[in-house]
Amino acid sequence: MIALLLRDLKLAFRAGGGFGLGLAFFLIVTVLVPFSVGPQSSLLSTIAPGVLWLGALLACLLSLDRLLALDWEDGSLDLLATAPLPLESVVTIKALAHWLTTGLPLVLAAPFLGVLLNLPVPGFSWLVISLLLGTPAMSVIGTFGAALTVGLKRGGLLLSLLVLPLYVPTLIFGAEVARRGATGMETQTPLLMLAGITAATVALLPFASAAVLRINLR
Amino acid sequence: MTIAAKANALWEYANPRKFLATSERVLPFFWITSAALLVVGLTWGFFFTPDDYKQGSTVKIIYLHVPAALMAINCWLMMLATSLVWLVRRHHVSALAARAAAPIGIVMTLIALATGAIWGQPMWGTWWAWDPRLTSFLILFLFYLGYVALWEAIEDPDTAADLTSVLCLVGSVFAILSRYAVNFWNQGLHQGASVMRAGAVTGTDTQEKVSNIYFYPLLLCIVGFVLLFIALVLYRTGTEIRARRINALLARERVNG
C-alpha cells in the first residue's frame, strides 16, 4: 500500500504528472474574479469565501480525469486489480494520493489567494479548516466519478457532469463554514455536517468505486 | 395463491417475451384511462372550479405542477428500485425499464420547473428564487442528465446497466443529502406539503391545506399522470427490448457474412 502511494506521488510530482496544474488553475480563477465583478473591496470580501471554495472545487475537478486514466491506458490498473491488495484499498490509496497532490496544496494556497480577495481576518482560519475538512470528500467522490468513466474515450466532460451534482452538499456546507467564519457567526452546525459528509464518503464510497472499477475492468 | 407463489409470478415478467405480450395487452387500458382522467381532471380543474380569492386563476396551474413534480420524484424512485433488481437478480427488462424511465423523469422535472416558474412570476414576483424546493429540483434535473449521459456514453449494454445502477444508488444518497443541505442553506418561498396530508382532511391539523374544491380534480390529474407514466414506461421499455433484439440480429448477420 505504501509502495503504491509512493509510486503515485512520484508520478504526480515528476514532469507530465499534472501536479501544479490545479494550483495554477486556482490562482488564475481567483485573479480573474475581481476583473469580472469589479475591484470594490467590500464586495470582494463578501464573496471571497464562496469564490475560494468554488475555485478549489473546480481545480480539484480539473485533475480528476488523470486520476485513473493514465493507469488504465498503460495497463497498470489491470495489474493492480489482480494484485493481492483489495481493489477497495487501491482506490482509497488513489484518492489519498490525489488529495496529497491536489487537495492539500489547494488548502495551503487558499489563504494567500484570500489576501487577493480581501477576505476578512477571522475568515482565514475557518477557510483553511473548512477546506482541510472538505477536500478529502472531494477527492473520494472524484475517485468514484473517475472509476465510472475510466473506460470511456472522452470521459472528461461526462466526469464533470456526473461529479458536480455529487459535490453539492460538500460545497454548501463547506462554503457555509467559511462564510460564517468570515462574518463572525457560529460555525458549529455546518462544520459538523461537513465533517460528517467527509467521514461518511471516505468510509463508504471506496466500496462503490471499487465495485464500479471491477465492472469496468471486466 | 400463496404469497410466495405470487412473488414468483412477478418474476415471470423478467422474461422479455412475457413482458412484451402482457404489456401490449394492458397498454391500451393505461393509455385510455390516463387520457380520460386527464381530460376530465384538467377540464374540471380549468373551467369548473372557482378562481382563488387571493391567487385568481393562476391557482389552476396546480393541476399540472403538482402531478408533474410528484412523478419527477417517483420516477427516480422507480429507477432506484429497478436498478436494485438489476444488480441483485440481473433481469435485463429491469435495467431497460430504468433506462426507459429516465427521459420521462427529465421531462417531468422540466414541466414542474417550468410551470413553477410561470406560477411564481405572478405570485412571488419572480420567475426563479433559490428556494430549497426549487433548488432541489434543479439538482435532481442534473442527476437525471448525468444518468442519461452515462447510459448513452457506454457501448456495452451490460456494463452500461451496471454502472448506471451504481450511479443511481449513490446518486440517491447524495440527492437526499442535497435536499437537506439545501434546506439548511436557504429559507423558502414555496409552501410546505399541503396536498396529501391525512390530518388536514380529518381536521386534526389546522395548517393551510388545498381546499377540497381544488383537491378532487387535482386527485384525478395525479392518478392520470401516474397511469400516463406507467404507460410511457411500459411502451418505452418495449421499444428498448426491440432495439436490443434488432442489434442482436444485426450482429448475427455480420458474423454470418
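Residue numbers here run from 1 along each chain, matching the order of that chain's written sequence. Chains and ligands are labelled sequentially in the order written, the chains with letters from A and the ligands with numbers from 1. Note on the predicted model: pLDDT of at least 70 is required for a residue's local features to be given, and 80 or more for side-chain atom pairs to be given and counted; whole-chain, interface and lining totals, by contrast, use all residues.

1. Thoughts on the overall build of chain B
Selection criterion: Secondary structure elements follow DSSP: runs of H or I of four or more residues count as helices, runs of E of two or more count as strands, with numbering from the N terminus. As a rule, residues whose C-beta atom has 12 or fewer other C-beta atoms within 10 Å are exposed, those with 20 or more are buried, and those in between are partly exposed; C-beta atoms are placed from the backbone. C-beta atoms are first placed from the backbone for all residues, and any pair lying within 7 Å is then listed as a contact.
The number of helices and strands found in chain B is eight helices and zero strands. Secondary structure elements of chain B, listed N to C terminal, follow the sequence α-α-α-α-α-α-α-α. Residues classed as buried in chain B amount to 36% of the 257 residues present. Restricting the contact set of chain B to residue pairs at least 6 apart, pairs at least 24 apart contribute 76%.

2. With respect to the overall build of chain A
Defined as follows: For the radius of gyration, the atoms used are the C-alpha atoms, and the globule rule reads 2.2 Å times the number of residues raised to 0.38.
Per the secondary structure count, chain A includes nine helices and zero strands. Mapped from its N terminus to its C terminus, chain A presents α and β elements in the order α-α-α-α-α-α-α-α-α. The globule rule puts the C-alpha radius of gyration for 218 residues at 17 Å, and the 18 Å found for chain A is close to it. Dimensions of chain A along its principal axes, counting C-alpha atoms only, are 55 × 35 × 30 Å. Buried residues in chain A amount to 53% of all 218 residues. By sequence separation, contacts in chain A at least 24 residues apart represent 81% of the contacts at least 6 residues apart.

3. Describing the nonpolar core
Keep this limit in mind: Throughout this description, the term nonpolar core refers to a group of buried Ala, Val, Leu, Ile, Met, Phe, Trp, Tyr and Cys residues whose C-beta atoms join them within 7 Å.
One finds Ala-56 and Val-212 of chain A together with Cys-75 and Ala-101 of chain B to be the most contacted residues of the largest nonpolar core, which totals 137 residues. Top element by residues in this core is helix H8 (residues 156-183) of chain A. It accounts for 15 residues. With near-sequence residues (within four places) excluded, Cys-75 of chain B lies in contact with Ala-101, Ile-104, Gly-105, Met-108 and Phe-229 of chain B.

4. Regarding the interface of chain B and chain A
Just so we agree on the cut-off: Residue polarity is assigned by list, with Asp, Glu, Lys and Arg as charged and Ala, Val, Leu, Ile, Met, Phe, Trp, Tyr, Cys and Pro as nonpolar; anything else, Gly included, falls into the polar class.
Between chain B and chain A, the residue contacts involve 21 residues of the former and 20 residues of the latter. Elements supplying a minimum of two residues to the side of chain B that touches chain A: helix H5 (132-153) and helix H6 (157-185) of chain B. Its residues assigned to classes, the side of chain B that touches chain A comprises 17 nonpolar, three polar and one charged.

5. Quick word on the UniProt feature "transmembrane region" (unreviewed entry) in chain B
Residue and element names in this part refer to chain B. For the record, the criterion: UniProt positions are given in the numbering used here, feature names are shortened, and annotations may be inferred rather than shown by experiment.
Taking the numbering used here, the UniProt-annotated feature "transmembrane region" (unreviewed entry) corresponds to residues 26-49, 61-88, 100-120, 132-151, 163-182 and 213-235. Split by type, residues 26-49 is 92% helix and 0% strand. Its first and last C-alpha atoms lie 33 Å apart. This span, residues 213-235, is 100% helix and 0% strand, and a straight line between its end C-alpha atoms measures 34 Å.

6. Concerning helix H6 (residues 87-116) of chain A
All names here are of chain A. Here is the rule we go by: Helix span is expected to be 1.5 Å times the residue number reduced by one. To get the bend at any residue, fit one axis to the seven residues that end at it and another to the seven that begin at it, then take the angle between the two axes.
If you check H6, its first and last C-alpha atoms are 42 Å apart, about what 30 residues at 1.5 Å a residue would give, namely 44 Å. The largest bend along H6 reaches roughly 40° and is located at Trp-99. A positive phi of about 60° marks Asn-118, the residue just after H6.

7. A few points about the environment of Val-91 of chain A
All names here are of chain A. Mapped onto the elements of the fold, Val-91 is located in helix H6. Sequence-wise, Val-91 and Ala-208 are 117 residues apart; in three dimensions their C-alpha atoms are separated by 9.9 Å. Contact partners of Val-91, with chain neighbours within four places excluded, come to Thr-143, Ala-147, Pro-206, Ser-209, Ala-210 and Leu-213.

8. Some remarks on the UniProt feature "transmembrane region" (unreviewed entry) in chain A
All names here are of chain A. Taking the UniProt record as the reference, the feature "transmembrane region" (unreviewed entry) is found at residues 12-37, 43-64, 96-117, 123-150, 157-178 and 190-213. Annotated as 91% helix and 0% strand, the span residues 43-64 places its first and last C-alpha atoms 32 Å apart. Regarding residues 157-178, the helix share stands at 100% and the strand share at 0%, and the terminal C-alpha atoms are separated by 29 Å.

9. A word on the packing of helix H7 (residues 123-148) of chain A against H8 of chain A
Helix-helix packing: each pair is described by the crossing angle between the helix axes and the interaxial distance. Residue and element names in this part refer to chain A. The condition is simple: Lines fitted to the C-alpha atoms define the axes, with helices restricted to the stretch that makes contact. Angles between their N-to-C directions range from 0 to 180 degrees. Working rule for angles: under 35 degrees goes down as roughly parallel, over 145 as roughly antiparallel, 65 to 115 as roughly perpendicular, anything else as oblique.
Two numbers describe how H7 lies on H8: the axes approach to 9 Å, and their chain directions differ by 170°. Taken together, the axes of H7 and H8 are roughly antiparallel relative to one another. Contacts between H7 and H8 pair Gly-123, Trp-126, Leu-127, Ser-130, Gly-134, Ala-137, Met-138, Ile-141, Gly-142, Gly-145, Ala-146 and Leu-148 from the former with Leu-159, Leu-162, Val-163, Leu-166, Tyr-167, Thr-170, Gly-174, Val-177, Ala-178, Gly-181 and Ala-182 from the latter. Here the residues of the contact of H7 with H8 sort into 15 nonpolar, eight polar and no charged.

10. Some details on the packing of H8 of chain A against helix H9 (residues 188-217) of chain A
All names here are of chain A. Note the cut-off: Handedness of a crossing is defined here by the sense of rotation of the near helix relative to the far one, left-handed for an anticlockwise turn of less than a right angle and right-handed for a clockwise turn.
In contact at an axis separation of 9 Å, H8 and H9 are set at 145° when each is read in the N-to-C sense. Crossing of H8 over H9 shows left-handed handedness. Residue-level contacts link Pro-169, Thr-170, Phe-173, Gly-174, Glu-176, Val-177 and Arg-180 of H8 to Pro-190, Leu-191, Met-193, Leu-194 and Ile-197 of H9. Of the residues in the contact of H8 with H9, the class split is eight nonpolar, two polar and two charged.

11. Describing unusual backbone geometry
A positive phi angle, close to 60°, is found at Asn-118 of chain A, a residue other than glycine. For Asn-118 of chain A, the position within the fold is in the loop between H6 and H7. A positive phi angle is found at Arg-90 of chain B, which is not glycine, with a value near 55°. Structurally, Arg-90 of chain B can be placed in the loop between helix H3 (62-89) and helix H4 (92-124). A residue is classified by how many C-beta atoms lie within 10 Å of it, and Arg-90 of chain B, with 13 of them, is partly exposed.

12. Quick notes on the confidence of the model for chain A
Quick reminder of the rule: pLDDT is a per-residue confidence score from the predictor, ranging from 0 to 100.
Taken as a whole, chain A shows an average pLDDT of 88; of its residues, 98% reach a score of 70 or greater. Mean pLDDT across the elements of chain A bottoms out in helix H1 (residues 2-13) of chain A (78) and peaks in H7 of chain A (93).

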